[in-house]
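Structure at a glance
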Amino acid sequence: MKIINLISCPRNLSTALMYSFSRRPDTIVIDEPFYAHYLRSTGIDHPARNETINSMSSDIESILSKIFSRKKCQILFLKNMAHHHINMDLSFLQNMTNLFLVRNPKQLIASFAQVVKNPSMQDIGLQKSWELYEYIVKIHRKSPLVLDSEEILNNPERLLSNLCNRLKINFCREMLSWPKGGIKEDGVWAKHWYKNVHSSTGFVKQKTSKRKLPKHCESLYFDALKYYDKLTVNSITA
């Protein structure tokens, strides 16, 4: 079984990419398996915090045991947030194919601020993405794959075909679209975060992507930009 670990920033195309992979006949997807662990570890107050904690395990050993014991699929696709990888032994990453998904921090922060008004560097995950990237380079002795969400939107078919080639799996045209509404694998937090993707049937640029960056988030944007620039040096293109 191939385990693809998507390490993403929030307010990206991570949910759409999860939906895309869920359309593959050989793939099972898991939505943010470390979310309850993250909420418990940080004490942070997110929408549906208690519901999330009550809906899933927050014990890392138990979570990883279930992930690695899966048998009934060829590909297991984990949609994870970079900043959820905290307070854990990261050595399990060497047994996964890690794929980083990033987004221009101006758009990312503007979108995130609609749900959490004063986002921090921890919230947006770009610094954590870079730290995880460096860790994986060290343990694998090669650079993991990086995908800029803007590239997906420019040409979904070519980009996904290229991505599948790099992942050494067959490209399936079914990955290009999905029915409106959620999927059964959605976390209980979907009602707070997945409105746009629930109304979509494929990879399309949302009108909200042109939302202006709030003035109070400008310093965070400039801090985050340096990590985004580092991560996208060798990102996959169409």
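Before reading further, recall that the structure is shown in the block above.
A brief structural summary. (Residues numbered from 1 in each chain as written. Predicted model: local features only at pLDDT ≥ 70, side-chain atom pairs only at ≥ 80, totals over all residues. Heavy atoms only, no water.)

**Quick look at the pairing of strand 5 (residues 145-148)**
- By the alternation rule, side chains of strand 5 split into L145 and L147 and V146 and D148, which are all buried.
- Sheet topology places strand 4 (residues 97-102) next to strand 5; four bridges connect them, and they run parallel. Bridging across to strand 5, L99 finds its partner in L145. (Buried < 20%, exposed > 50% of the residue type's maximum accessible area, 1.4 Å probe, protein only. Helix = DSSP H or I, 4+ residues; strand = E, 2+ residues; numbered from the N terminus. Pairing = 2+ DSSP bridges.)

**A word on the pattern of salt bridges**
- A full pass over the atoms with the stated rule returns seven salt bridges.
- Here R24 makes a salt bridge to D26, at a shortest N to O gap of 3.0 Å. Judged on exposure class, the residue R24 and its partner D26 are both buried.
- Between D31 and K79 there is a salt bridge, and its shortest N-O distance comes to 3.2 Å. Taken together, the residues span a long stretch of sequence, with D31 in strand 2 (residues 27-31) and K79 in strand 3 (residues 75-81) at a distance of 48 residues.
- Residues joined in a network through salt bridges with shared partners are D31, E32 and K79. (Salt bridge = Lys/Arg side-chain N within 4 Å of Asp/Glu carboxyl O.)

**Describing helix 7 (residues 126-140)**
- Taking 1.5 Å of rise per residue, the 15 residues of helix 7 would be expected to cover 21 Å, and the 21 Å separating its terminal C-alpha atoms lies within 8% of that figure.
- Every buried residue belonging to helix 7 is among L126, S129, W130, L132, Y133 and I136, and all of these are buried. Mapping the buried residues of helix 7 onto a view down its axis gives an arc of 165°, with all of them on the same face.
- If you follow the buried residues of helix 7, they end up packed against strand 1 (2-8), strand 4, helix 5 (105-112), helix 6 (121-124), strand 5 and helix 12 (218-231).
- Directly after helix 7, the chain includes R141, whose backbone phi takes a positive value near 60°. (Expected span 1.5 Å × (residues − 1). Arc of directions from axis to C-beta. Contact = heavy atoms within 4.5 Å.)

Any link to function would need more than the numbers given here.
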